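Listed here are the chains, written in short residue letters.
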Amino acid sequence: METLGNLAFGLGVALSWQNLVYCFIGCFLGTLVGVLPGIGPVATVAMLLPFTFGLGPAPALIMLAGIYYGAQYGGSTTAILVNIPGESSSVVTTLDGHQMARKGRAGPALGISAIGSFIAGCIATLVVAYFAPPLADLALKFGPAEYFSLMVFGLIAAVVLARGSVIKAVAMVCFGILLGLVGTDVNSGSIRFAFGAPELADGIGFVALAMAFFGITDVVMNLEHTDKTDVYKDRIGSVLPSLDDLKVSFWSIMRGTGLGSILGILPGGGALLASFAAYMFEKKIAKPPRHFGEGDIRGVAAPESANNAGAQTSFIPMLTLGIPSNPTMALMIGALMIQGIQPGPQVMTERPELFWGLVASMWIGNLMLLVLNLPLIGLWVKLLAVPYRLLFPAIFVFCCIGVYTVDNKVFDVYVLAALTAVGYILIKLDCEPAPLILGFILGPMMEEQMRRAMMINFGDVTIFFTRPLSAAFLIAAAALIVVIALPSMRAKRDVALQE
Amino acid sequence: MRIRAPKDFWAGLFFIAAAAVFMLLSRQYNMGNMHRMGPALFPTLVGALLAGLGVIIAARSFAIDGPPVPRFYARPILISLIAISLFGVVLAHFGLVAAVVALVAVAAVASNESKPLEVAGLIAVLIVFSVGVFAWLLGLPIPLWPEL
């Protein structure tokens, strides 16, 4: 009952007309940018961040959440119509979604994706509302040692569940941590690793980092390969799936939602893992084993529901523990910090309007996406026709202006250029940027918690292993590494992530 | 000895170099002790870990096979870096309008599909949009014109 009361309170916050407007603008802009091929949600959120600077914390966060869902949905539209996943979590949607489009069923594919996402969003909102408060209560009992170990666990889990080589990903985390330490050390006041530039006293801007690694480098990579894309040109027709379609996909949506909600809470999970897992699961249990990969509607319904559910429940660790489970959540934390809020379990008790307003706006945002997207499909399709040669200079302009407006410092634009160079080299060497962003956000927090833990315990390092919860996190992290190092498991993981 | 996984080899070297930079810079700061950790301690620990991982990644590249390092295309990356840096320089001295012109005009060179007339049109659209949205609608404090 308490949950319902809280949700009602949140609805009261989110339903104020101005928050509704911000939620709407967020969803609209998020979809608008997310539809553009080659721009994922991280780049979208980073690019649209300046739009929230003038707002208070609650409307800013509500708008950002809207941008995030919009970007997710926009990515699916691109996946179905152009066969280019706008983001990694819609990769599996391209498999059956684009096949449906080629068979003239683009409308129902887009429709089921919107409906599945909406149902998943509704259920996942309830999951967040029910599970976040007890988790925050638990987190309030954490001491610095527990926090430190939890962050280690979170980073390792994120790395293990992500794609690519684990050892390189751990190295990227470490590099990210070091980059995060640039700037003034809060304890001693000394400016570290500033390379003689006083502008770096405040540290490297996380917006610049995110844009460099997820925005500009992507553009540069795209410019290197001028592939002809297979844009869908026919009329979309009705987006409403038939009753039969709905019947076939109902349980797929439910299973996708369930899987997505669980996987979204895990560190490193979020939308990407959720959509892969849901697709694999549907493919396995489909009876009769129909034509997965040839345009089966369940192959769209399940991953789309799962990625939306996962996108939503990944807010749980962010809101309750202050720990990002994926790069988008890392950006959200950065955005909160710009607003002067330190994310963590205390947010729920100290700023209930922020927390419950956001949770309620998740649901409203999903509803808005449903009413916004189905009628506006035609507009999104037109956007897809914009040639890349016109798109990419515009992306540059928005990234540069966005980076500048964070602090009104021209220096940050140079940082953007420098980080782009670093990101370009790393991506060429197959080093995934996501772990680096997580390390960047968590690095300073880890140092702080470790310092506190050592301070209270007179420099006794064994404290991390003698406090039960802390030991449990570290053992879990070690177990993950061992499991992933086993050759048989590694083969399985590679297969699962490759398909 | 032959490098069998060139991507890993260079990635390993990159990590070792990055770790070395941070660990060397850390030496200027106070190390403290485990009880009272100085500003140098945590970065040194993480740097050591990164260096260790870098050595493993580089060493492993002699033992396992991996794909070659893909080609670096000079034009897109260099032009992009120049365009972005130029945006900063021009913005500082001549304001947003001139900076957008410079950024788009230079960035367009990065793609061989750009056409001069189209780029001119794009510049006009982006100036109107960025001035309209960022400066007027959102009221962000960006200098628009050169200060006289």
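Residues numbered from 1 in each chain as written. Chains lettered and ligands numbered in written order. Predicted model: local features only at pLDDT ≥ 70, side-chain atom pairs only at ≥ 80, totals over all residues.

## As for the overall build of chain A
The following threshold applies: The secondary structure listing takes helices from DSSP runs of H or I that are at least 4 residues long and strands from runs of E that are at least 2 residues long, numbered from the N terminus. A radius of gyration in this sense is built from C-alpha atoms; the matching globule rule multiplies 2.2 Å by the number of residues raised to 0.38. As a rule, residues whose C-beta atom has 12 or fewer other C-beta atoms within 10 Å are exposed, those with 20 or more are buried, and those in between are partly exposed; C-beta atoms are placed from the backbone.
The helix and strand tally for chain A stands at 22 helices and two strands. Its C-alpha atoms give chain A a radius of gyration of 22 Å, within 12% of the compact-globule value 23 Å for 499 residues. Along the longest, intermediate and shortest principal axes, the C-alpha atoms of chain A span 70 × 55 × 50 Å. Here chain A, with 499 residues, has 62% of them falling under the buried criterion.

## A closer look at the packing of helix H4 (residues 57-82) of chain A against helix H5 (residues 91-102) of chain A
Residues and elements named next belong to chain A. Cut-off, in case you're wondering: Helix axes use the C-alpha atoms of the stretch in contact, all axes being lines fitted to C-alpha atoms, and the angles between their N-to-C directions lie in the range 0 to 180 degrees. These descriptions rest on fixed angle ranges, namely under 35 degrees for roughly parallel, over 145 for roughly antiparallel, 65 to 115 for roughly perpendicular, and the rest for oblique. Put simply, a crossing is left-handed when the front helix is turned counterclockwise from the back one by less than a right angle, and right-handed when it is turned clockwise. A pair of residues counts as a contact when their C-beta atoms, built from backbone coordinates, are separated by no more than 7 Å. Residues are grouped as follows: Ala, Val, Leu, Ile, Met, Phe, Trp, Tyr, Cys and Pro are nonpolar; Asp, Glu, Lys and Arg are charged; all remaining types, including Gly, are polar.
Packing of H4 against H5 leaves a shortest axis separation of 6 Å and a crossing angle of 55 degrees. Taken together, the axis directions place H4 and H5 in an arrangement best described as oblique. The handedness of the crossing between H4 and H5 is right-handed. Mapping the contact onto sequence places Ser76, Ala79, Ile80 and Leu81 in H4 and Thr93, Thr94, Gly97, His98 and Ala101 in H5. In terms of residue class, the contact of H4 with H5 is built from four nonpolar, five polar and no charged.

## A look at the interface of chain A and chain B
A common measure of how large an interface is: the accessible area buried when the components associate. In this assembly, 55 residues from chain A lie in contact with 61 residues from chain B. Sorting elements by how many residues they give to the side of chain A that touches chain B places helix H17 (residues 388-407) of chain A first, with 11 residues. Classifying every residue of the side of chain A that touches chain B by side-chain character gives 39 nonpolar, seven polar and nine charged.

## Considerations on the packing of H5(A) against helix H6 (residues 106-140) of chain A
Residue and element names in this part refer to chain A. Put simply, H5 and H6 touch, their axes get as near as 7 Å, and they point 145 degrees apart. Taken together, the residues of H6 that come into contact with H5 (itself represented by Gly97, Met100 and Ala101) are Ala106, Pro108 and Ala109. Along the lines of polarity and charge, the residues of the contact of H5 with H6 split into five nonpolar, one polar and no charged.

## Describing helix H10 (residues 243-265) of chain A
All names here are of chain A. For the record, the criterion: Given a helix with a known number of residues, its expected span is that number minus one, times 1.5 Å. The angle between axes fitted to the seven residues ending at a residue and the seven residues starting there is what we call the bend at that residue.
Here H10 spans 33 Å end to end across 23 residues, near enough to the 33 Å set by a 1.5 Å rise per residue. Bending of H10 peaks at approximately 40 degrees at the position of Ser249. Where H10 is concerned, the buried positions are Asp245, Ser249, Ser252, Ile253, Gly256, Thr257, Leu259, Gly260, Ser261, Leu263, Gly264 and Ile265.

## Brief notes about the domain arrangement of chain B
Where we set the bar: Note that the domain bounds reflect an automated or database-derived domain assignment.
Looking at the assigned domains, one finds that chain B contains domain 1 (6-60) and domain 2 (74-137). With centres defined by C-alpha atoms, the gap from domain 1 of chain B to domain 2 of chain B works out at 38 Å.

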